[in-house]
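These are the residues of each chain, in order.
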Amino acid sequence: TAFAENLSDINANKNQTAIEYLYSKNVISGYPDGTFKPENTVNRAELMKILVAGKGIQPTVEEYNNCFPDVTTEWFAPFVCYAKIKGWVSGYPDGTFQAAKQVNKAEAIKMLVNAEGFALPQKFDEYIFNDVTSTNWFAPFILVAKQKGLLEETDGNYYPSGVMKRAEISENIYRAIIINENGFQAFLQNKN
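Since this is a predicted model, take the numbers as computed values, not measurements. (Residues numbered from 1 in each chain as written. Predicted model: local features only at pLDDT ≥ 70, side-chain atom pairs only at ≥ 80, totals over all residues. Heavy atoms only, no water.)

Chemist: I'm lost on the environment of Gly156 in this one. Help?
Modeler: Tracing the backbone through its elements, the reader meets Gly156 in the loop between helix H5 (139–148) and helix H6 (166–182). Through-space distance from the C-alpha of Gly156 to that of Ala45 is 30 Å; in sequence the pair is 111 residues apart. In contact with Gly156, not counting residues within four places along its chain, are Tyr127, Phe129, Asn130 and Asp131. (Helix = DSSP H or I, 4+ residues; strand = E, 2+ residues; numbered from the N terminus. Contact = heavy atoms within 4.5 Å.)

Right, here's the structure in full:
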């Protein structure tokens, strides 16, 4: 609870530890009124900022800009352009990035798995979730995230087309950072 006084609306949130950790590392930030708004959705620009900052990288607009027709020199341009160069995102078929568009859970996990550089299985036919089968385009990303322990969900439905919320993606990114630094067992010990 060391940072709870800085974000007034995360006390007792199930993702409080993740939010506080990322906040303390300047990966995420709150709003000017001192809130985090954990139930707010995340758009594509915000997610790129969080993923890039989660890697400890602070790209500049002088170096990373003009990577999509709709991403030039806006505040999010360095993050989006860095992610594009790294192959984390490719944009839409029309060539745009659509920074303000809300991210659904499948897209967010794809971007996170790409950012972490996790290898995808070439073939698989195992159970993932009731609503995620091996034929879905996003299935390999969800499977890897589940196997690595990045997801809170372990069974039942994942709701891949549901919007990603700020608290949820904070948890997923927190897990990726802790697991990459210390291993899955260390993450489990932190949670208990």
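Chemist: I tried to follow the packing of helix H1 (residues 16–24) against H6 on my own but got confused; where do I start?
Modeler: Any two packed helices are characterised by the angle at which their axes cross and by the distance between the axes. Viewed as axis vectors pointing N to C, H1 and H6 meet at an angle of 70 degrees, and their least axial separation amounts to 8 Å. Considering the angle they form, H1 stands roughly perpendicular to H6. The residues of H6 that touch H1, namely those facing Thr17, Ala18, Ile19, Tyr21 and Leu22, are Ala167, Ser170, Glu171, Ile173, Tyr174, Ile177, Ile178 and Glu181. For the contact of H1 with H6, the per-class residue count stands at nine nonpolar, two polar and two charged. (Axes fitted to C-alpha atoms, helices over the stretch in contact; angles between N-to-C directions. Parallel < 35°, antiparallel > 145°, perpendicular 65-115°, else oblique. Nonpolar A, V, L, I, M, F, W, Y, C, P; charged D, E, K, R; others polar.)

Chemist: How should I be thinking about unusual backbone geometry in this particular structure?
Modeler: Only a minority of non-glycine residues have a phi that is not negative, and only a minority of peptide bonds are not trans. For Lys37, which is not glycine, the phi dihedral falls at a positive 55 degrees. Relative to the elements of secondary structure, Lys37 occurs in the loop between H1 and helix H2 (44–54). With a phi angle near 50 degrees, Asn66 is a residue other than glycine that sits in the positive phi range. Locating Asn66 in the fold gives a position in the loop between H2 and helix H3 (77–86).

Chemist: Honestly, H2 in this entry has me stumped. Any pointers?
Modeler: It helps to recall that an α-helix has 3.6 residues per turn; residues three or four apart then point in one direction. The buried fraction of H2 is high, at eight of eleven residues. When H2 is considered as a whole, its buried residues turn out to be Arg44, Ala45, Leu47, Met48, Ile50, Leu51, Val52 and Ala53. If you follow the buried residues of H2, they end up packed against H3, helix H4 (105–116) and H6. Here H2 starts with a cap whose side-chain oxygen sits 3.0 Å from the backbone nitrogen of Ala45, and that cap is Asn43. Positive phi appears at Gly56, one or two residues downstream of H2, with a value of about 80 degrees. (Buried < 20%, exposed > 50% of the residue type's maximum accessible area, 1.4 Å probe, protein only. Polar contact = N/O pair within 3.5 Å; in protein donor to acceptor, adjacent residues only side chain to side chain.)

Chemist: Would you explain the state of the cysteines in this entry?
Modeler: Between two cysteines, a covalent bond joining their sulfur atoms is known as a disulfide. Under the defined criterion, the tally for this structure stands at one disulfide. In this model, Cys67 is linked to Cys81 through a disulfide, with the two sulfur atoms separated by 2.2 Å. Around the S-S axis, the bridge from Cys67 to Cys81 shows a dihedral of about -85 degrees and counts as left-handed. A residue pair is termed long-range when its members are at least 10 positions apart, and Cys67 in the loop between H2 and H3 and Cys81 in helix H3 qualify at 14 residues. Cys81 sits in the buried class, given a relative accessible area of 2%. (Disulfide = S-S within 2.5 Å.)

Chemist: Could you clarify how one ought to interpret the packing of aromatic side chains in this entry?
Modeler: Note on aromatic pairs: each is described by the distance of the centres and the angle between the planes. Following the criterion strictly, the structure yields seven aromatic pairs and no others. With centroids separated by 5.5 Å and ring planes inclined at 90 degrees, the aromatic side chains of Trp75 and Phe76 adopt a geometry described as edge-to-face. With a relative accessible area of 11%, Phe76 lands in the buried category. In textbook terms, an aromatic cluster arises when at least three aromatic residues are bridged by ring pairs, as seen for Tyr64, Tyr82 and Trp88. For Lys84, the ring lying beneath its charged end belongs to Phe68, and the centroid distance is 4.4 Å. The ring of Phe36 has Arg166 sitting right over it, with the charged end atom 4.1 Å from the ring centre. (Phe/Tyr/Trp six-rings, centres within 6.5 Å; stacked < 30°, edge-to-face > 60°. Lys NZ or Arg CZ within 6 Å of the ring centre and 35° of its normal.)

Chemist: Whenever I open this one, the pattern of salt bridges confuses me. Can you help?
Modeler: Two side chains with opposite charge may pair up if their charged atoms get near one another. Considering all chains together, one arrives at seven salt bridges under this definition. For the salt bridge of Glu116 with Lys55, the shortest nitrogen-to-oxygen distance reads 3.3 Å. Taken together, the residues span a long stretch of sequence, with Glu116 in helix H4 and Lys55 in the loop between H2 and H3 at a distance of 61 residues. Classification of Lys55 as partly exposed rests on a relative accessible area of 35%. Connected through shared salt-bridge partners, Lys105, Glu153 and Glu168 make up one network. (Salt bridge = Lys/Arg side-chain N within 4 Å of Asp/Glu carboxyl O.)

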